[in-house]
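Examination of the molecular architecture
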Amino acid sequence: MRSRYVAYIEQRMDYLRDTWHPDTRPARLDPDPETQWRRLDILQSSTDGDGGEVHFRAVWRAGEKWGALEETSRFIRENGRWLYHSGDVIHHHLSPGRNDACPCGSGKKYKKCCGAS
């Protein structure tokens, strides 16, 4: 899961395709240079034989907009390698105030961190 998150940050579409199960892999993946992934929190994970689930929350920024993608992802292990199969996604809009904790997870106030422009 974490390696796929880093691949989204680095716009490594080849790695994302390679780690996507062939039964559900999209025909193409296009990079999104506007979205900056800022934080990943793994909320829960479990395995059952060659299946697994990861519940995570990833915070993003696109210009002045902030949001979070929360997903329970399903993975299948094939030939010793975990492949993303599918997931249930919830999108959250974030509106950090100047004195709120920065959504990037730095522990600083928004005005002293990502909002300091």
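Here the structure is a predicted model, which is why all the values come from computation and not from measurement. (Residues numbered from 1 in each chain as written. Predicted model: local features only at pLDDT ≥ 70, side-chain atom pairs only at ≥ 80, totals over all residues. Heavy atoms only, no water.)

Secondary structure assignment for the protein chain yields two helices and four strands. The principal-axis extents of the C-alpha atoms in the protein chain amount to approximately 50 × 30 × 20 Å. Counting all 117 residues of the protein chain, 30% fall into the buried class. A sequence separation of at least 24 residues applies to 36% of the contacts in the protein chain between residues at least 6 apart. Accessible area of the protein chain: about 7,400 Å², with a carbon and sulfur share of 46%. Mean positive and mean negative side-chain charge positions of the protein chain (19 and 17 charges, respectively) differ by 10 Å. (Helix = DSSP H or I, 4+ residues; strand = E, 2+ residues; numbered from the N terminus. Buried < 20%, exposed > 50% of the residue type's maximum accessible area, 1.4 Å probe, protein only. Contact = heavy atoms within 4.5 Å. Areas by Shrake-Rupley, 256 points an atom, 1.4 Å probe, with all protein chains shown as cover. Lys, Arg positive; Asp, Glu negative; His and termini not counted. Charge placed at Lys NZ, Arg CZ, Asp CG, Glu CD.)

Right, let's talk about the packing of aromatic side chains for a bit. Under the defined criterion, the tally for this structure stands at four aromatic pairs. Each ring, one from phenylalanine 75 and one from tyrosine 84, has its centre 5.7 Å from the other, and the planes form 75°; the classification is edge-to-face. You can call tyrosine 84 buried: its relative accessible area is 11%. In textbook terms, an aromatic cluster arises when at least three aromatic residues are bridged by ring pairs, as seen for Trp20, Phe75 and Tyr84. (Phe/Tyr/Trp six-rings, centres within 6.5 Å; stacked < 30°, edge-to-face > 60°.)

We now examine the pattern of salt bridges. A complete count under the given rule lists five salt bridges for this structure. The partner of aspartate 50 in a salt bridge is arginine 77, with the nearest N and O atoms 3.1 Å apart. Here aspartate 50 is found in the loop between strand 1 (36-48) and strand 2 (51-62), whereas its partner arginine 77 is found in strand 3 (residues 65-78), with 27 residues between them in sequence. Judged by relative accessible area, which is 47%, aspartate 50 ranks as partly exposed. Between aspartate 88 and arginine 74 there is a salt bridge whose closest N-O contact spans 3.2 Å. (Salt bridge = Lys/Arg side-chain N within 4 Å of Asp/Glu carboxyl O.)

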